[in-house]
Amino acid sequence: MAEKTVVTIDEAPKRGFLDVIERVGNKVPPPALMFAYLIAFVIILSWLLNLLGVSITEEIAVPRDDKEIQYDYFEDTTQPGMISPDSPYEDDWEIVEMDVPIKSLLSTEGLRFIFSSFVNNFAGFSVVAVVFIAMMGAGVAEESGLLGSLIRKMVGGLPNWALSFGLIFVGVLSSVASDAGYLILIPLAAAAFASVGRHPLAGLASGFAGVAAIFMVNVIFTPTDAMITEIANEAIALAPGDTEPLTIVANYFFMIAMSILMALLAAIVTDKFVEPRLGKWEPEEGQLGHNQADGISPEADKRGSRFALFGFLAVVVIVSLLTFIPGAPLRHPETGDIIGNTPFMDSLLFIIMLMFLISGICYGVGARTMTGSKDVLGAITKTFAGLGGMVLMLLMIAQFIAFFNWSNMPTVIAGALAGVLEQANIGAIPLLLLFIMVIVLLDFLMPGSLPKWAIFAPIFVPLFIQLGVAPQTLLAAYRVADSPVNALTPLMVYLPFIVTIAQQYTKKAGIGTVVALMLPHSVSIFVVSTVLFILWFALGIPLGPGYLPAV
């Protein structure tokens, strides 16, 4: 009788289009070295463009001089962006005309920036701190056995389509909590698939699709929604006539529909296309596979779960006391708001970390998988050690983003593309389609939602109003275009983390593996959402309560 041979994804022949992308992508230089090459390219290119006198003059939305501005990497977790202070509903933005030249990184000023900012670029790269803080809680929860217990309870008895859709839709909702989706949900999605014998890379892809590729729509309002609405209102003031300013609900019907429909679409792509391509997953030695339970007895798991619930409720009570009582520390100090740009929203990631940390410790005590502080510290140390390979990659990514932005190349490229579209003498629907395509292409270089909208809104909002297209329609088009590429661009700052998660299940995984996984999701989400947007516009369906697509 012939011996049965098991062929894994690493050994299977690579012949399809996505397999070619994966193979070629995994053969590019390591990410740290690739970004070192890109840094050298940006330095030389900035010198050449500056020598040629390349610049652009345009109107752009900027925060007012009397408003405090802070820069962060949290706005959509892919690019540093401006965070609006205080209340985003107030008059915090204004339209100004700016002359934006390409600045040479080989000039005296540029070389001074390179040498003097190198340490600060990395120190201010908040992604590093966010990853380590978030994973501290998740690491303890995983090492104690809590995550495995939660996954078994969550996926028990669920059909495949419900598991995929549920994880993706939670990923869509997670944009309200900033980076938590990337750091918590994506590893959880991979582990959830593995726990029921499904390929964990398919779970990783489903979580990544929900968190990144469907980022700009949600059933819950996020701080980004408030800020892009305010920028749109500043642009509306430039248009002739008396067009009414928008409110945050201007796209709400459209956002709800797209959130659900795109999550369903991503679930279908995961189940019918991505997972069959990966084939059957065979856990390697030491990996948690189908129906494994970390060696914890049902009685210990039940006791640990009860302790974890007590710990979770304790954190909830403490956070509630700090939030919901009038004048509480986590409310806005002036307005008393809880949602928006408030201490509570700024604390979400820390709160989630505490929930996992305390619940994980309590589970470990109850299940007797942790017997003292040494075990807790050991779990944290083990988690941090597993992230060590990311540090050099994040160092180089931080430098590339800082140098690229300092040179003004993203702004000039965006302004040049906007000028081409503005001069195109075509109808509203073709112009909307061109607008969507330009945003998609530009998103590879400038992933942040706010920087692109600050450049494009002052140009296109007045133009489309004159064409009879309402500003809420252009804002909806921007939502369609801004997210799908987030899962593909190498400037996604969490890409090294996602590759690290993939390598836990497939040792040979690399950037090419992740791109090949996400390309079907990104393309399908982009195509279907664009078609649905055009139909929505053509049929005149309200985008929000009282907001029709036409002026």
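Please read all numbers here as calculations on a predicted model, not as lab measurements.

1. Here's the deal with the environment of threonine 371
Right, on to step 1. Note that threonine 371 resides in the loop between α13 (348-367) and α14 (373-386).
Right, on to step 2. By relative accessible area, threonine 371 is classed as exposed at 72%.
Right, on to step 3. Sequence separation of threonine 371 and isoleucine 361 is ten residues, and the distance between their C-alpha atoms is 9.5 Å.

2. Digging into the environment of serine 175
Right, on to step 1. Along the chain, serine 175 falls in the loop between α6 (160-173) and α7 (180-195).
Right, on to step 2. Taking the C-alpha atoms as reference points, serine 175 and isoleucine 220, separated by 45 residues in sequence, lie 9.0 Å from one another.
Right, on to step 3. What serine 175 contacts, discounting residues up to four positions off in sequence, is Phe215, Asn218 and Thr222.

3. Section: the confidence of the model for the chain
Right, on to step 1. Confidence in the prediction for the chain averages 82 pLDDT; 87% of positions are at 70 or higher.
Right, on to step 2. Low confidence marks residues 1-13, where pLDDT is under 50. Its contacts with residues over four positions away, or in another chain, come to twelve contacts.
Right, on to step 3. Residue range residues 289-293 is modelled with pLDDT below 50. Its contacts to residues more than four positions away, or to other chains, number 13 contacts.

4. Structural notes on the packing of aromatic side chains
Right, on to step 1. Across all of its chains, the model carries 16 aromatic pairs by this definition.
Right, on to step 2. With a centroid separation of 5.2 Å and an interplanar angle of 15 degrees, the aromatic rings of phenylalanine 113 and tryptophan 406 are classed as stacked. Here tryptophan 406 lies in helix α15 (residues 390-406) and phenylalanine 113 lies in helix α3 (residues 108-123), a separation of 293 residues in the sequence.
Right, on to step 3. The class of phenylalanine 113 is buried, set by a relative accessible area of 19%.
Right, on to step 4. Look at tryptophan 406 and you get buried, because its relative accessible area is 13%.
Right, on to step 5. Taking the centre distance of 5.7 Å and the plane angle of 15 degrees together, the rings of phenylalanine 165 and phenylalanine 169 count as stacked. In this pair, phenylalanine 165 and phenylalanine 169 both sit in helix α6, four residues apart, roughly one turn of the helix. Each of the two residues, phenylalanine 165 as well as phenylalanine 169, counts as buried.
Right, on to step 6. Through a chain of ring-to-ring contacts, the aromatic side chains of Phe435, Phe456, Phe460 and Phe464 assemble into a single cluster.

5. What to know about α14
At 3.6 residues per turn, the α-helix brings residues three or four places apart onto the same side.
Right, on to step 1. Along its 14 residues, α14 runs 20 Å from first to last C-alpha, staying within 8% of the 20 Å computed at 1.5 Å per residue.
Right, on to step 2. Where α14 is buried, its residues contact α4 (126-144) and α13.

6. Quick word on the packing of helix α16 (residues 409-423) against helix α17 (residues 428-442)
Right, on to step 1. Put simply, α16 and α17 touch, their axes get as near as 11 Å, and they point 165 degrees apart. Between α16 and α17, the angle falls in the class roughly antiparallel. Read as a crossing pair, α16 and α17 show a hand that is right-handed. Facing Ile413, Ala414, Leu417 and Leu421 of α16, the residues of α17 in contact are Leu431, Leu434, Phe435, Val438 and Leu442.

Rules used throughout
- Residues numbered from 1 in each chain as written.
- Predicted model: local features only at pLDDT ≥ 70, side-chain atom pairs only at ≥ 80, totals over all residues.
- Heavy atoms only, no water.
- Helix = DSSP H or I, 4+ residues; strand = E, 2+ residues; numbered from the N terminus.
- Buried < 20%, exposed > 50% of the residue type's maximum accessible area, 1.4 Å probe, protein only.
- Contact = heavy atoms within 4.5 Å.
- pLDDT = per-residue confidence, 0-100.
- Phe/Tyr/Trp six-rings, centres within 6.5 Å; stacked < 30°, edge-to-face > 60°.
- Expected span 1.5 Å × (residues − 1).
- Axes fitted to C-alpha atoms, helices over the stretch in contact; angles between N-to-C directions.
- Parallel < 35°, antiparallel > 145°, perpendicular 65-115°, else oblique.
- Left-handed = near helix turned anticlockwise from the far one by under 90°.

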